[in-house]
Amino acid sequence: MIDQTHDTESAAARQRGWRREFRSYAWGVGLALVLTLVPFALVNWGVMARKALFITIGAFALVQMIVHFRFFLHIGFHQKREDLQLILFSTLLLFLMVAGTIWIMASLAGRMAVPMHMPPAYP
Amino acid sequence: MSHEVMHHPGINLGPAHGEANEIAKTMLFGFWAFLMSDAILFGMVFASYVTSVHATAGGPGPKDLYNIRSAFIETLLLLASSFTFGMASLALKYKHSKTRLVQWLLVTLLLGMAFLGFEVHDFLTMIAKGGTPERSGFISAFFDLVPLHGLHVTGGCIWLICLIGQMARYGIDTQVKLGVLRLALFWHFLDIVWIAIFTIVYLGGLA
């Protein structure tokens, strides 16, 4: 519990701490909002070529994920080592499994001569 | 923030919280390991969705079934709920009144339930348009992925109700504090999964 002698001093420090962390959340939600609005607007008004659009919304999503990790989950470089290692290792596994699956299945579809963009019309 | 050492992901309660702060170091690391395994599960379901997105079997495709306005509203609701949960975490850490903590949690719960309401409405609209899971591989994959996230949000809402009940019964003790810390991680994690869903499923499907 809080030491009685430091009570008034720590109350001011706590208030400062709250304000700092509140600002961090406000920044997080502001950035996330912008990073959400732009890709939705781009898709809604269809102002870009399809391929460039995919790359752009993908990039916005990656940046927004980093913003959420940084401002909402408080992951950063002042972290205990093993937390960041766990996240990076999981990301590596995720990348290998997801990219591998998509690669293999797309290749299979190609070899089975099923066009990815024009599926056969089943009765 | 720059001189504060973080002992675990999410809000760190700090030494003023004594026992809860001590236990949180190991407990939250364990919970984080669970979240990462859950991320792998979501990743595989995403992979199966992406590989079957063209397998519409002559049935309705993404452009026939998705509604960008609804996806946008859901995104904003979930983002707002992440912010209000952050406010609840801060109310806990800085020992604001129990009323304030419960108020933020209730707002979060309402936003979560509004999100689920919109999502269920989406699913029903899709089904009414002939987009039932058995129609094609694409729609099966959709109903594997998006409702899986919805199920997680439902679980989070039930957990939130339980926590509020525990607060009413036991007050804000160590167990309740640790519960709020873990649910905060879970809730923010689900918002990150939703970023992938609105980008890959909705925006990718409508682009």
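Residues numbered from 1 in each chain as written. Chains lettered and ligands numbered in written order. Predicted model: local features only at pLDDT ≥ 70, side-chain atom pairs only at ≥ 80, totals over all residues.

Moving on: the overall build of chain B. A count of helical and extended segments in chain B gives six helices and zero strands. For chain B, the N- to C-terminal ordering of α and β elements is α-α-α-α-α-α. The principal-axis extent of the C-alpha atoms belonging to chain B is close to 60 × 30 × 30 Å. The buried share among the 207 residues of chain B stands at 44%. (Helix = DSSP H or I, 4+ residues; strand = E, 2+ residues; numbered from the N terminus. Buried ≥ 20, exposed ≤ 12 C-beta atoms within 10 Å, placed from the backbone.)

With that settled, consider the overall build of chain A. Of regular secondary structure, chain A possesses three helices and zero strands. Going from N to C terminus, chain A has its helices and strands arranged as α-α-α. Excluding contacts between residues fewer than 6 apart, the proportion of contacts in chain A whose partners are at least 24 apart in sequence is 44%. (Contact = placed C-beta atoms within 7 Å.)

Following both chains from N to C, one finds helix H2 (residues 50–71) of chain A and helix H6 (residues 174–206) of chain B inclined at 175 degrees, their axes separated by 10 Å at the closest point. Taken as axis vectors, H2(A) and H6(B) run roughly antiparallel relative to one another. Only B:His188, B:Asp191, B:Ile192, B:Ile195, B:Ala196, B:Thr199, B:Leu203 and B:Gly204 of H6(B) make contact with H2(A), whose side of the interface consists of A:Phe54, A:Ile57, A:Gly58, A:Ala61, A:Gln64, A:Met65 and A:His68. For the contact of H2(A) with H6(B), the per-class residue count stands at eight nonpolar, six polar and one charged. (Axes fitted to C-alpha atoms, helices over the stretch in contact; angles between N-to-C directions. Parallel < 35°, antiparallel > 145°, perpendicular 65-115°, else oblique. Nonpolar A, V, L, I, M, F, W, Y, C, P; charged D, E, K, R; others polar.)

So, on to the confidence of the model for chain B. All names here are of chain B. For chain B, the average pLDDT comes to 93, and 98% of its residues sit at 70 or higher. The least confident element of chain B is helix H1 (residues 19–51), whose mean pLDDT is 93; the most confident is helix H4 (residues 98–128), at 97. At the level of chain-chain contacts, confidence expressed as ipTM amounts to 0.92, with global pTM at 0.90. (pLDDT = per-residue confidence, 0-100.)

Further remarks concern the interface of chain A and chain B. In this complex, chain A contributes 51 residues to the contact, which on the side of chain B involves 48 residues. Broken down by secondary-structure element, the contributors of at least two residues to the side of chain A that touches chain B are helix H1 (7–45), H2 and helix H3 (81–111) of chain A. Per element, the largest residue contribution to the side of chain A that touches chain B is 16 residues, and it comes from H1(A). Residues of the side of chain A that touches chain B, tallied by class, amount to 32 nonpolar, 13 polar and six charged.

Moving on: the environment of B:Ala184. Residue and element names in this part refer to chain B. As for its position among the elements, Ala184 is in helix H6. Note: C-alpha distance between Ala184 and Gly156 (28 residues apart in sequence) is 9.4 Å. Other than its neighbours up to four places away in sequence, Ala184 contacts Gly10, Ile11, Phe85 and Ser89.

Let's shift gears to the nonpolar core. In this structure, B:Ala88, B:Val180, B:Ala184, B:Leu185 and B:Phe198 are the most contacted members of the largest nonpolar core, which totals 72 residues. Elements represented by at least two residues in this core include exactly H1 and H2 of chain A together with H1, helix H3 (68–93), H4, helix H5 (137–170) and H6 of chain B. Apart from residues no more than four positions distant in its own chain, B:Phe198 is found in contact with B:Ala71, B:Thr75 and B:Leu203. (Core = buried A, V, L, I, M, F, W, Y, C linked by C-beta atoms within 7 Å.)

The subject of this paragraph is the packing of H3(B) against H4(B). Residue and element names in this part refer to chain B. For the pair H3 and H4, the least separation of the axes is 8 Å and the interaxial angle reads 165 degrees. For the element pair H3 / H4, the angle class is roughly antiparallel. Between H3 and H4 lies a crossing of left-handed hand. Here the residues of the contact of H3 with H4 sort into 17 nonpolar, five polar and four charged. (Left-handed = near helix turned anticlockwise from the far one by under 90°.)

Residues and elements named next belong to chain B. Compared with an ideal rise of 1.5 Å per residue, which puts 31 residues at 45 Å, H4 spans 45 Å between its outermost C-alpha atoms and is within 8% of the ideal. Residues of H4 that are buried: Leu101, Trp104, Leu105, Thr108, Leu109, Leu111, Gly112, Phe115, Glu119, Asp122 and Met126. Its buried side turned inward, H4 meets helix H2 (62–65), H3 and H5. (Expected span 1.5 Å × (residues − 1).)

Bringing the confidence of the model for chain A into the picture now. Within chain A, residue pLDDT values average 85, and 81% of them lie at 70 or more. Averaged over each element, pLDDT in chain A is lowest for H3(A) (89) and highest for H2(A) (95).

We note that A:His74 has phi near 55 degrees; this positive angle belongs to a residue other than glycine. The topology assignment puts A:His74 in the loop between H2 and H3. We classify A:His74 as buried; it has 25 C-beta atoms within 10 Å. Of note, the phi angle at B:Lys95 is positive, near 55 degrees, even though the residue is not glycine. Mapping B:Lys95 onto the fold places it in the loop between H3 and H4. When the 16 C-beta atoms within 10 Å are taken as the criterion, B:Lys95 is described as partly exposed.

If you trace the backbone, B:Leu203 turns up in helix H6. Excluding its chain neighbours within four sequence positions, the residues that come into contact with B:Leu203 are A:Pro39, A:Val43, A:Ile57 and B:Phe198.

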